[in-house]
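Fold and geometry: a report
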Amino acid sequence: MDENTLTMTPGPTAVPEDVREAMAQPAMNPDVNPEFESYYETLLDKLARVYGTDDEMVVLGGEGILGLETAVDSLVSPGDDVLCLANGVYGDGFADFVEMAGGTPVVHEADYRDAFDPDEVAARVESGDFDAATMVHCETPTGLLNEFGEILATLQEAGILTIVDAVSSLGGTEVPVENIDVCLGASQKCFSSPPGLTTMSVSDAAWEKVEETEQDGFYTSLEPWQDADYSFLPYTHLVSNLYALEASLDRILDEGRESVFARHETAAERCRERGEELGLEPFPGTESLCSPTVTAFEIEGRAEEIQERLYEDHDVLVATGLGEMASDLLRVGHMGYSADETRVQKTMDALESVLD
């Protein structure tokens with residue numbers, strides 16, 4: 001792949017030039033340089049503004065999956081019952097992390113095309129005694145965006161801690177962070193920064209649970225980060241990645257969160273309009289369930305072939321589905337830097353050519 005490739009994948013996304021340049025600047029020693037502490041505090045403040053929260057922010061050195069495992073490891077004790085809402089690959093995957101932590105996952109499933117029924121979730125909550133609940137805001141493999149407002153209120157009223165994977169939506173659309181105990185993000189999605197960092201907001205209630213939970217690890221534990229001394233963090237941070245992340249956050253804050261969200265909506269609408277003109281339907285089938293950050297088109301049995309032709313013939317890189325859906329879903333990522341009508345137009349022009 002060269003610099004002329006049009007990358008329209010749902011993460012890692014294309015990284016703009018100013019972000020790459022920020023990453024290439026000389027790196028300070030985060031363990032020794034006295035300037036790092038104030039730099040890191042400023043970075044976390046910017047991250048909180050992008051999240052739209054007053055909760056404490058944590059940045060971990062590792063790709064987004066690290067955040068999912070760390071959140072569960074830090075909050076789930078052996079024997080804890082955890083409600084796992086699953087209508088996609090990553091919702092299903094949370095149950096595996098719960099089992100690894102010794103907890104008991106109680107999976108509340110919905111079809112991969114459907115939203116969760118708040119009343120059914122409320123009934124499931126009433127039927128059990130749950131310590132925590134896990135859920136996914138945007139299921140990247142299918143382009144489905146879950147609306148969790150009423151469900152989060154139910155869980156909060158029941159005193160159940162909430163862990164939300166918002167990796168593919170944070171920075172691209174509104175996320176109800178104020179009602180989430182641990183909200184997970186990652187550098188390589190809507191932030192359009194290189195892969196390598198997990199971001200999360202942590203509520204006071206979540207920190208209290210961390211204190212009560214015996215921590216069996218270090219790298220996948222939040223305990224070392226509680227009241228951390230920014231002049232000497234639990235481990236040497238990925239400072240060059242932090243530089244890139246700050247540049248990405250500056251782009252969002254300079255443009256303004258609402259403007260960024262509107263840009264994602266516009267790009268998504270254009271992508272789906274062109275898809276409809278080509279006879280393609282978004283996977284969830286219901287417009288209200290389609291994410292503004294990624295669109296999955298159903299192309300039964302041809303997705304991998306079309307992906308290959310787009311890349312080889314037009315230098316356009318998109319993604320296919322995952323697992324059993326690898327051959328049936330073609331995914332266009334219009335998130336972060338790629339949430340741009342011109343980039344979407346070029347992608348869909350290429351797709352039209354391939355389909356013809």
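Higher on the page you've got the structure.
Residues numbered from 1 in each chain as written. Predicted model: local features only at pLDDT ≥ 70, side-chain atom pairs only at ≥ 80, totals over all residues. Heavy atoms only, no water.

Concerning the overall build of the chain
A count of helices and strands for the chain gives 11 helices and 14 strands. What you see for the chain is a C-alpha radius of gyration of 20 Å, in line with the 21 Å of a compact globule of 356 residues. If one aligns the C-alpha atoms of the chain with their principal axes, the spans along those axes are about 60 × 55 × 30 Å. Taking all 356 residues of the chain together, the buried fraction comes to 56%. Across the chain, contacts joining residues at least 24 apart in sequence account for 71% of those joining residues at least 6 apart. Carbon together with sulfur atoms contributes 43% to the accessible area of the chain, which is approximately 14,600 Å² in total. (Helix = DSSP H or I, 4+ residues; strand = E, 2+ residues; numbered from the N terminus. Rg over C-alpha atoms; globule rule 2.2 N^0.38 Å. Buried < 20%, exposed > 50% of the residue type's maximum accessible area, 1.4 Å probe, protein only. Contact = heavy atoms within 4.5 Å. Areas by Shrake-Rupley, 256 points an atom, 1.4 Å probe, with all protein chains shown as cover.)

Concerning the pattern of salt bridges
Any two side chains of opposite charge can pair, on the condition that their charged atoms come close. For the coordinates displayed, the defined rule picks out 15 salt bridges. The closest approach of N and O atoms between Glu 305 and Arg 309, which form a salt bridge, is 3.9 Å. Remark: Arg 309 and Glu 305 occur in helix α10 (residues 303–314); sequence separation between them is four residues, near one turn of the helix. The salt bridge involving Asp 313 is made with Arg 309; its shortest N-O contact spans 3.9 Å. With Asp 313 and Arg 309 both in helix α10, this residue pair falls four residues apart, about one helical turn. Given a relative accessible area of 31%, Arg 309 falls into the partly exposed group. In the salt-bridge network here, residues are joined through shared partners; they are Arg 274, Glu 277, Asp 349 and Glu 352. (Salt bridge = Lys/Arg side-chain N within 4 Å of Asp/Glu carboxyl O.)

A word on the layout of surface pockets
Estimates place the volume of the second largest pocket at around 220 Å³. For the second largest pocket, the lining is made up of 18 residues, of which Arg 251, Glu 255, Arg 263, Gly 336 and Tyr 337 are closest to its centre. Counting only elements with at least two residues in the lining of the second largest pocket, the list comes to α8 (239–255) and α9 (257–277). Ranked by the residues each element gives to the lining of the second largest pocket, the list is headed by α8, at four residues. Grouping the amino acids of the lining of the second largest pocket by side-chain chemistry returns eight nonpolar, five polar and five charged. (1 Å grid on protein atoms, 1.4 Å probe; cavity = no way out; pocket = protein on both sides within 12 Å on 5 of 7 lines; lining within 4 Å. Points joined across faces, edges and corners; volume = space filled by probe spheres on them. Nonpolar A, V, L, I, M, F, W, Y, C, P; charged D, E, K, R; others polar.)

Side note on the sheet that holds strand β13 (residues 319–320)
What the three strands build is an open sheet, ordered β11-β14-β13; its pairing is antiparallel. Two strands bound the open sheet, and with one partner strand each, they are β11 (294–298) and β13. In this sheet, strand β14 (residues 329–333) lies alongside β11 in antiparallel orientation, the contact comprising five bridges. Paired with Phe 297 across the bridge in β14 is Leu 330. On the sheet, α9 packs against β11 and β14 and is oriented at approximately 10° with respect to β11. (Pairing = 2+ DSSP bridges. Axes fitted to C-alpha atoms, helices over the stretch in contact; angles between N-to-C directions.)

Re the environment of His 237
As for its placement among the helices and strands, His 237 is situated in the loop between α7 (204–212) and α8. For the pair His 237 and Gly 62, spaced 175 residues apart in the sequence, the C-alpha separation amounts to 9.9 Å. Within polar-contact distance, the side chain of His 237 engages the backbone oxygen of Val 59 at 2.8 Å. (Polar contact = N/O pair within 3.5 Å; in protein donor to acceptor, adjacent residues only side chain to side chain.)

A short note on the environment of Tyr 311
Among the secondary structure elements, Tyr 311 is positioned in helix α10. Judged by relative accessible area, which is 30%, Tyr 311 ranks as partly exposed. Separated by 39 residues in sequence, Tyr 311 and Ala 350 place their C-alpha atoms 9.6 Å apart.

What to know about the packing of α10 against helix α11 (residues 341–355)
Interaxial distance between α10 and α11 falls to 10 Å at its minimum, and their mutual angle equals 110°. By the criterion of interaxial angle, the relationship of α10 to α11 is roughly perpendicular. For the pair α10 and α11, the sense of crossing is right-handed. In this structure, α10 uses Ile 306, Arg 309, Leu 310 and His 314 to contact α11, whose residues at the interface are Ala 350, Leu 351, Ser 353, Val 354 and Leu 355. Residue classes in the contact of α10 with α11 are distributed as six nonpolar, two polar and one charged. (Parallel < 35°, antiparallel > 145°, perpendicular 65-115°, else oblique. Left-handed = near helix turned anticlockwise from the far one by under 90°.)

Let's talk about the pairing of strand β5 (residues 132–136)
By the criterion of burial, β5 is predominantly enclosed, with five of the five residues buried. Here strand β3 (residues 81–86) pairs with β5 via three bridges, running parallel. From the neighbouring strand, Val 82 faces β5, where its bridge partner is Ala 132.

Looking at empty space enclosed by the protein
Summary: where empty space remains is shown by rolling a probe the size of a single water molecule over the atoms. Scanning all chains against the criterion turns up one cavity of 30 Å³ or more. As for the largest cavity, its lining consists of Tyr 40, Leu 44, Glu 56, Met 57, Val 58, Trp 225, Ala 228 and Tyr 230. Among the secondary structure elements, those contributing two or more residues to the lining of the largest cavity are α2 (36–51) and β2 (56–61). Ranked by the residues each element gives to the lining of the largest cavity, the list is headed by β2, at three residues. Classifying every residue of the lining of the largest cavity by side-chain character gives seven nonpolar, no polar and one charged.

Things to note about unusual backbone geometry
Generally, phi is negative for residues other than glycine and the peptide bonds are trans, each holding for most cases. Of note, the bond from Gly 11 into Pro 12 is cis; its omega dihedral lies within 30 degrees of zero at -10°. In this structure, Pro 12 sits in the loop between β1 (6–7) and α1 (17–23). One non-glycine residue, Ser 192, lies in positive phi territory at about 50°. Mapped onto the elements of the fold, Ser 192 is located in the loop between β9 (182–186) and β10 (197–202). Since its relative accessible area comes to 2%, Ser 192 is described here as buried. One non-glycine residue with positive phi stands out, namely Asp 315, at about 60°. Counting through the fold element by element, Asp 315 comes out in the loop between α10 and β12 (316–317).

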